[in-house]
Amino acid sequence: MRVLVLLFSLLAVLPTAALADLRELEALMESPASLSGRFEQVKYLAALDTEIASSGRFAYERDSEIRWQTLEPIENMLRLTPARITSEQAGTVLSQLETRNNPVVALFSDIFFGVMTARWSTLAEHFDMQTRIAESHWQATLMPKASEVQQVVSKVELQGDRYMRQIVLHEAGGDWTRIRFYDIQQ
């Protein structure tokens, strides 16, 4: 989660060419009020030269709640709302972070909602973006603008069509996380 929190930080002004790319991406992608599906995630740990796989289901309601339910290898529920991030296991709350007390948590919640609803302008505030669009498919490479973010996240790669299909987070220490989305439904 630390990577995702640091993935989205610090604002900057967008160049005109980047704005045109953002508009084209926004036109390709749908931004429904609700969305659900499955995910498969692989985390590579460079120090151990090993990968850890997990999978589960996600669902969101725009500006209200994101539910990230890991089913394998261990069941866990992560709930994000504009007010808090809560982690639960077997119905027991393991942790709860309030956005009103923690600006980093508030920023993470706001940005993650932006990712799930294809708010490209939010990502572009925090990253330099290079995009490639071919018909209905697109790729975007995001490079963090702030040195604080660069210390943890060296690059983010996104791919999709009308929905986000894959996210790859490259961490400064050589670790990476790949998330693929399947069976997406409105």
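1. Considering the sheet that holds strand β6 (residues 92–98)
Part 1 of the argument: Reading across the sheet, the 11 strands line up as β6-β5-β4-β3-β2-β1-β11-β10-β9-β8-β7 and stay open at both edges, with antiparallel pairing between neighbours. Of all strands in the sheet, those bounded by a partner on one side alone are β6 and β7 (127–134). Each strand axis lies, on average, 15° off the axis of its neighbour in the sheet, ignoring direction.
Part 2 of the argument: With 5 bridges joining them, strand β8 (residues 137–144) and strand β9 (residues 153–160) adopt antiparallel strand pairing. Each bridged residue has a counterpart across the sheet, and for Q139 the counterpart in β9 is Q159.

2. What about the packing of aromatic side chains?
Note on aromatic pairs: each is described by the distance of the centres and the angle between the planes.
Part 1 of the argument: A full pass over the atoms with the stated rule returns 5 aromatic pairs.
Part 2 of the argument: Ring geometry for W68 versus F181: centroids 6.0 Å apart, planes at 80°, classification edge-to-face. Of this pair, W68 sits in strand β3 (residues 65–72) while F181 sits in strand β11 (residues 176–185), placing them 113 residues apart in sequence. Side by side, W68 and F181 carry an identical accessibility label, which is buried.
Part 3 of the argument: Through successive ring pairs, a cluster of aromatic residues spans F39, F58, W68 and F181.

3. Focus: the environment of I184
Part 1 of the argument: Along the polypeptide, I184 turns up in strand β11.
Part 2 of the argument: For I184, a relative accessible area of 14% corresponds to the buried category.
Part 3 of the argument: For the pair I184 and G37, spaced 147 residues apart in sequence, the C-alpha separation works out to 4.3 Å.
Part 4 of the argument: Apart from the residues lying within four places of it in its own chain, the contact partners of I184 are L35, S36, G37, F58, Y163, M164 and R165.

4. Considering the side chain of E65
Part 1 of the argument: Topologically, E65 is positioned in strand β3.
Part 2 of the argument: A polar contact of 3.0 Å, which involves the side chain of E65, links it to the side chain of R67.
Part 3 of the argument: Among the polar contacts made by the side chain of E65, one reaches the side chain of R79 at a distance of 3.4 Å.
Part 4 of the argument: For E65, the residues in contact, after removing those within four places along its chain, are A59, Y60, R79, L80, T81 and F113.

5. Describing the pattern of salt bridges
Part 1 of the argument: In the structure shown here, the tally under the stated rule is 10 salt bridges.
Part 2 of the argument: Across the pair D183 and R38 runs a salt bridge whose closest N-O atoms are separated by 2.6 Å. Placement of the pair is D183 in strand β11 and R38 in strand β1 (residues 34–45), with a sequence separation of 145 residues.
Part 3 of the argument: A salt bridge links K43 to E171; the nearest nitrogen and oxygen atoms lie 2.2 Å apart. Placement of the pair is K43 in strand β1 and E171 in strand β10 (residues 164–171), with a sequence separation of 128 residues.
Part 4 of the argument: Through salt bridges with shared partners, a single ionic network connects E65, R67, R79 and E88.

Conventions and cut-offs
- Residues numbered from 1 in each chain as written.
- Predicted model: local features only at pLDDT ≥ 70, side-chain atom pairs only at ≥ 80, totals over all residues.
- Heavy atoms only, no water.
- Pairing = 2+ DSSP bridges.
- Helix = DSSP H or I, 4+ residues; strand = E, 2+ residues; numbered from the N terminus.
- Axes fitted to C-alpha atoms, helices over the stretch in contact; angles between N-to-C directions.
- Phe/Tyr/Trp six-rings, centres within 6.5 Å; stacked < 30°, edge-to-face > 60°.
- Buried < 20%, exposed > 50% of the residue type's maximum accessible area, 1.4 Å probe, protein only.
- Contact = heavy atoms within 4.5 Å.
- Polar contact = N/O pair within 3.5 Å; in protein donor to acceptor, adjacent residues only side chain to side chain.
- Salt bridge = Lys/Arg side-chain N within 4 Å of Asp/Glu carboxyl O.

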